[in-house]
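One-letter residues, chain by chain:
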Amino acid sequence: MLDAIGDVFVCSSVTWALQIVLVSLLWWRSAYPWSGVPSRVPPGPRPMIPILGNFLQLEIDPRKQFAKFRRRYGDLFSLYIGNKHIIVLNGFETLQDLLVKRGYKLSDRLETNSMEMLGGFKGIISTSGKLWREQRTVSLALLQKLDSGKQSTEDKIQEESVYLLDAIAKENGMAFDPNLLLRNAVSNITCNMLFGQRYDYDSDHFQLVLCIISETLKTVGISTAMNYFPFLEYLPGDVFGVGKMKANVKKFNEIIVDPVIKHNIDNYDPDNCNSFIALYLKEMYARRDAGEETTLDVENLEHIVTEILAAGTEATTSTLRWLLLFMATNPEVQAKCYQDVQRHVGNGRKPVLTDHDNLIYVQAVITETSRLAAVIPLGAPRSVTEDMWYKGYRLPRNSMIITNLDSVLMDEKIWGDPKVFRPERFISEDGKLIHREELIPFSMGKRKCMAETTAKSEVFLFFSHMIQRFRFITEPEKPAPLIESVFAATNAPQAFKICAFPRSTPNQI
Ligand code: HEM
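Reading guide: rules and limits
- Residues numbered from 1 in each chain as written.
- Predicted model: local features only at pLDDT ≥ 70, side-chain atom pairs only at ≥ 80, totals over all residues.
- Heavy atoms only, no water.
- UniProt positions renumbered as here; feature names shortened; annotations may be inferred.
- Helix = DSSP H or I, 4+ residues; strand = E, 2+ residues; numbered from the N terminus.
- Buried < 20%, exposed > 50% of the residue type's maximum accessible area, 1.4 Å probe, protein only.
- Contact = heavy atoms within 4.5 Å.
- Areas by Shrake-Rupley, 256 points an atom, 1.4 Å probe, with all protein chains shown as cover.
- Phe/Tyr/Trp six-rings, centres within 6.5 Å; stacked < 30°, edge-to-face > 60°.
- Lys NZ or Arg CZ within 6 Å of the ring centre and 35° of its normal.
- Near = heavy atom within 4 Å.
- Polar contact = N/O pair within 3.5 Å; in protein donor to acceptor, adjacent residues only side chain to side chain.
- Nonpolar A, V, L, I, M, F, W, Y, C, P; charged D, E, K, R; others polar.
- Patch = residues over 30% accessible without salt bridge, like charges linked within 9 Å, V, L, I, M, F, W, Y side chains within 5 Å.
- Salt bridge = Lys/Arg side-chain N within 4 Å of Asp/Glu carboxyl O.
- Lys, Arg positive; Asp, Glu negative; His and termini not counted.
- Charge placed at Lys NZ, Arg CZ, Asp CG, Glu CD.
- Donors = N, O, S within 2.8 Å, 3.2 Å for Na, K, Ca; no water.
- Axes fitted to C-alpha atoms, helices over the stretch in contact; angles between N-to-C directions.
- Parallel < 35°, antiparallel > 145°, perpendicular 65-115°, else oblique.
- Left-handed = near helix turned anticlockwise from the far one by under 90°.

- For the protein chain, an unreviewed UniProt entry supplies the name Cytochrome P450 and the organism Patella caerulea.
- Among the UniProt annotations of the protein chain, the heading Cofactor (unreviewed entry) holds the following wording: "heme".
- According to the UniProt record, the Subcellular location (unreviewed entry) comment for the protein chain reads "Membrane".

### Section: the overall build of the protein chain
Part 1: Looking only at helices and strands, one finds 17 helices and 10 strands in the protein chain.
Part 2: Counting over 509 residues, the protein chain shows a buried share of 52%.
Part 3: Long-range pairs, those at least 24 residues apart, make up 73% of the contacts in the protein chain between residues at least 6 apart in sequence.
Part 4: Total accessible area on the protein chain stands at roughly 23800 Å², and carbon and sulfur atoms take up 56% of it.

### A short note on the packing of aromatic side chains
Part 1: Counted according to the given criterion, the structure contains 10 aromatic pairs.
Part 2: Each ring, one from tyrosine 199 and one from phenylalanine 206, has its centre 5.4 Å from the other, and the planes form 10 degrees; the classification is stacked. Here tyrosine 199 and phenylalanine 206 have matching classes, each one buried.
Part 3: Taken together, Phe66, Phe69, Tyr73 and Phe77 form an aromatic cluster joined through their ring pairs.
Part 4: The ring of tyrosine 163 has arginine 198 lying over it, and the distance from NZ or CZ to the ring centre is 3.5 Å.

### Some points on the site of the ligand
Part 1: Near the ligand you find 24 residues, and of these Arg109, Trp132, Arg136, Arg382 and Cys449 are the closest.
Part 2: Between arginine 109 and the ligand, the recorded distance is 2.8 Å, taken from a side-chain N or O atom to an oxygen atom.
Part 3: One of the side-chain N or O atoms of arginine 136 is found 2.8 Å from an oxygen atom in the ligand.
Part 4: Elements with a contribution of two residues or more to the shell around the ligand: α5 (129-147) and α12 (298-329).
Part 5: By residue number, the principal contributor to the shell around the ligand is α12, which donates six residues.
Part 6: The residue inventory of the shell around the ligand, partitioned by class, reads 16 nonpolar, four polar and four charged.

### Brief notes about a positive patch on the surface
Part 1: Among the surface-exposed residues, Lys64, Lys68, Arg71 and Lys419 lie close enough to one another that they form a single positively charged patch.
Part 2: Secondary-structure assignment places lysine 68 in helix α2 (residues 63-73).

### Comments concerning the coordination of the iron atom of the ligand
Note on metal geometry: ideal angles are 109.5 degrees for four donors arranged tetrahedrally and 90 or 180 degrees for six donors arranged octahedrally.
Part 1: Of all protein atoms, Cys449 (SG) alone acts as a donor to the iron atom of the ligand, lying 2.4 Å away.
Part 2: Along the chain, cysteine 449 falls in the loop between α16 (412-415) and α17 (452-469).

### Considering the pattern of salt bridges
Part 1: One pass over the full model with this rule turns up 28 salt bridges.
Part 2: Across the pair arginine 394 and aspartate 387 runs a salt bridge, and its minimum N-O distance is 2.9 Å.
Part 3: Judged by relative accessible area, arginine 394 falls into the buried class, the value being 19%.
Part 4: Since its relative accessible area comes to 40%, aspartate 387 is described here as partly exposed.

### Re the packing of helix α10 (residues 242-266) against α12
Part 1: As a packed pair, α10 and α12 sit with axes 10 Å apart at the nearest point and diverge in direction by 125 degrees. Here α10 is positioned oblique relative to α12, judged by the angle of their axes. Every pair of crossing elements has a handedness; the one defined by α10 and α12 is right-handed. For the pair α10 and α12, contact is made by Phe252, Asn253, Val257, Asp258, Ile261 and Ile265 and by Val298, Leu301, Glu302, Val305, Thr306 and Leu309, respectively.
Part 2: When grouped by side-chain class, the residues that make up the contact of α10 with α12 number eight nonpolar, two polar and two charged.

In structure tokens, the structure reads:
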């Protein structure tokens, strides 16, 4: 009986596989862009294998390969994967020309399968055109309004720092992985902005929020394969994590986002709007009451909440993790940061945002870390809205655009020794902070990160508070942690452990 079932299974699997191959080949012939290579498009490596195109020429972390292609083909090169023509933009001049000067043609997202699963083409990150413009403009205005309200973003970060520093102190100088504590602190700022409340670090509800975010983001990398090979979604066994990702997004909405939005709708009080959700609802009702045509609705709000939580948590946490790693492995740099804080802030009070202009060395360390860590090194994919020409090349409508920020942040022509961690490169001879326009970890143009100011405030305050209070060292009697990254939704460091000693103890420098 079991054999018979096995035979049927094997037979149906073979038929299934043949059908997939057949359908794929037919689909490839009709959809594969280089079956008739469009003329005058940017050059690139020749796609050797039907359907896969250049897929096998790329590693999971494609940055090194992109650097080689750039040397060979120039600042614009083409790749073909599955049914997509991809154009990779490299170098500061190209990114500035195409994202800033002619950004109106490259501000849309490409409607990919993974974008659909994550954002359902609602909200901000995955949307384009009028819908994106209204959602982004309104969201930005509401975040600014919140910042100038009862509790500013700075107040929220100051409040959260107390909890973060206490949690670090509780590690008692023992080795710990700072990832979870930093993640708690960073996402609490976002929760506070969105929901109007922070959570205790040991709250089950809060840990569930963080767990779903990180599980979902883990599947983002692998499920992007579906953007190029849409049929993979239908393979049995959820090999590409598509089912898991969909289930996570659904669970996140059901358990976290929807109940909070419902609570806000049920208890709506226009005179007491202390959270992003309440302010969005107020704006939505106002536009509707005024008879305005608007895209503001509960479904878009649901997506924005999820996106801000995920985007806000991952990139900022990764940046802070890189900072602690660089401090523990570069004690002399850490000592200079501590001296900077001692000189301009002392021990009697906490650093505040207005210390920013005085803490030059701390700023240089943060700036150098943002450059070297490049936590979102390839930006988020965009698309060409209408056929356009640039430096003699045709950029066909609907091509996918990859903004290779890494090619600028790690450009030898700009930085000389880009792989070296050297904060001094951002300090002038007369001791001032050097601002470089090529420092673009938040991308460029209309579609650049929506929360650059908030992210910078979080990084500056959390980092300077930690440096004021603790000395961080690598785990004693263990090999120093590797300065290597895990390339996934963000470019984060590999997991590492450090020890934190309060500055008032004999371990003080
Ligand atoms: C160090 C921290 C951060 C870095 C380096 C960073 C970087 C980026 C980058 C490179 C993009 C892609 C821009 C593009 O499409 O080309 C982006 C988009 C975005 N970021 Fe950030 N980000 C950070 C923190 C945050 C925070 C804290 C939030 C929210 C509170 C946030 C919200 C967003 C949103 C909503 C978008 C999509 C914008 C759009 O599509 O119009 N980010 N970010």
